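# Breakdown of the fold
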Amino acid sequence: MLGVRSVVNAVVFDMDGVLVESEHLWEEFWAKFAAARGASWGPEQTKKVQGMSSPEWSAFLAEFAGARETAAETERLVVDDMIGALEQGRIELLAGAREMVLAAAARGPIALASSAARRVIDAVLVHHGISANFTATVSSEEVPRGKPNPDVYLAAASRLGVAPDNCLAVEDSSNGLRAAAAAGMTVLAIPNPQYPPAEDALALATFASSEHDKIREFLVNALDGQSEPQGTVTGR
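Residues numbered from 1 in each chain as written. Predicted model: local features only at pLDDT ≥ 70, side-chain atom pairs only at ≥ 80, totals over all residues. Heavy atoms only, no water.

### Some words on the overall build of the protein
Helix and strand counts for the protein come out as ten helices and six strands. Taken over C-alpha atoms, the radius of gyration comes to 17 Å for the protein, in line with the 18 Å a tight globule of 236 residues would show. When its C-alpha atoms are laid out on the principal axes, the protein stretches across 55 × 35 × 30 Å. Total accessible area on the protein stands at roughly 9800 Å², and carbon and sulfur atoms take up 50% of it. (Helix = DSSP H or I, 4+ residues; strand = E, 2+ residues; numbered from the N terminus. Rg over C-alpha atoms; globule rule 2.2 N^0.38 Å. Areas by Shrake-Rupley, 256 points an atom, 1.4 Å probe, with all protein chains shown as cover.)

Given below as structure tokens:
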């Protein structure tokens, strides 16, 4: 585990697996697309694309499935399914996520740095009534490279007007943790139980807990300027 920066005044959140329970739905709809074209999508393929931007995973999926559709058409079909799932109440906020966001936003600017498509990001935040709490949101489709590259986190910090090393980042996946750490941020981990991060990625985090309330307490203490935020022992 790494140490917290001496000064932090902003937070950048991931979305899937951090704010909402949705990672399994992406896998479901990737598999649905592939199956409709005679291909069998499994955990190995999911692991490969987690963290990729929409243009990256849609190109991989289209090629893997032998689809006639372009990458853009492939993305649209999968994103349509995700929006449908949201409207059906299948993409809910994780327990404690709202409180975590509100507590951080009350103390400084917050941003979102997600691999989800822009259309999904906007729909999720509006649907759950937390859009106004974010100063900036960035989809990795809007930067040159997806996670584990740091581009989306660097863009989020830039839009906040805060140096990356003065930002806390909250992530759940291996490539997300790597991306935030590569950007120079202090990383907090909420390990995804269904898709647990690799040990080397988790080791990049200053603090890890499966409980959003503990992550919220860490954020509050750090943003309030406590030199030794409470709960710095890993919650893995």
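### A short note on the layout of surface pockets
Its volume calculated, the largest pocket comes out at about 300 Å³. Lining the largest pocket are 13 residues; nearest its centre among them are K47, Q50, S174, Y195 and P196. At the level of elements, α2 (43-49) and α8 (174-182) are the ones that each hand at least two residues to the lining of the largest pocket. When its residues are assigned to classes, the lining of the largest pocket shows five nonpolar, five polar and three charged. (1 Å grid on protein atoms, 1.4 Å probe; cavity = no way out; pocket = protein on both sides within 12 Å on 5 of 7 lines; lining within 4 Å. Points joined across faces, edges and corners; volume = space filled by probe spheres on them. Nonpolar A, V, L, I, M, F, W, Y, C, P; charged D, E, K, R; others polar.)

### A closer look at the pattern of salt bridges
Per the counting criterion, the structure on display carries 16 salt bridges. Linking E142 and R159 is a salt bridge whose minimum nitrogen-to-oxygen distance equals 3.8 Å. Placement of E142 in the loop between β3 (136-139) and α7 (151-160) and of R159 in helix α7 is noted, with a sequence separation of 17 residues between them. Several salt bridges converge on common partners, so that one network encompasses R118, D122, E142 and R159. (Salt bridge = Lys/Arg side-chain N within 4 Å of Asp/Glu carboxyl O.)

### Examining the packing of aromatic side chains
Evaluation of the coordinates by the stated rule reveals nine aromatic pairs. Plain terms: the ring middles of W30 and W41 are 5.7 Å apart, the flat faces sit at 45° to each other, and that makes the pair tilted. Of this pair, W30 sits in helix α1 (residues 23-35) while W41 sits in the loop between α1 and α2; the two residues are eleven residues apart in sequence, bridging distant segments of the chain. Accessibility assignment for this pair places W30 and W41 in one class, buried. Geometrically, the ring pair formed by F60 and F64 is stacked, given 6.3 Å between the ring centres and 5° between the ring planes. Of the two residues, F60 and F64 both sit in helix α3 (residues 54-65), four residues apart, roughly one turn of that helix. (Phe/Tyr/Trp six-rings, centres within 6.5 Å; stacked < 30°, edge-to-face > 60°. Buried < 20%, exposed > 50% of the residue type's maximum accessible area, 1.4 Å probe, protein only.)

### Points about the sheet that holds strand β6 (residues 207-208)
Here we have six strands laid out as an open sheet, ordered β3-β2-β1-β4-β5-β6, and parallel in their pairing. At either end of the open sheet lies a strand with only one pairing partner, and these are β3 and β6. As paired elements, strand β2 (residues 110-114) and β3 share four bridges and run parallel to each other. Residue pairing in the sheet places S114 in a bridge with S139 of β3. (Pairing = 2+ DSSP bridges.)

### As for unusual backbone geometry
The peptide bond linking K147 to P148 adopts the cis configuration, its omega dihedral lying at 15°. Mapped onto the elements, P148 comes out in the loop between β3 and α7.

### Some remarks on the nonpolar core
Counting 54 residues, the largest nonpolar core has V11, F13, L19, V120, F134, V170 and L219 as the members making the most contacts within it. Ignoring anything within four residues of it in the chain, the contact list for F13 reads V18, L19, M100, V101, A104, I110, A111, L112, A113, F134, V170 and L219. (Core = buried A, V, L, I, M, F, W, Y, C linked by side-chain atoms within 4.5 Å. Contact = heavy atoms within 4.5 Å.)

### What to know about α3
The terminal C-alpha atoms of α3, which comprises twelve residues, lie 16 Å apart, in line with the 16 Å expected from a rise of 1.5 Å per residue. Looking only at α3, the buried set comprises S54, W57, S58, L61, A62 and A65. Down the axis of α3, the smallest arc covering the buried residues is 135°, so these residues share one side. Each element contacted by the buried residues of α3 is listed here: α1, α2 and α4 (71-87). G66, located one to two residues past α3, shows a positive phi value of around 65°. (Expected span 1.5 Å × (residues − 1). Arc of directions from axis to C-beta.)

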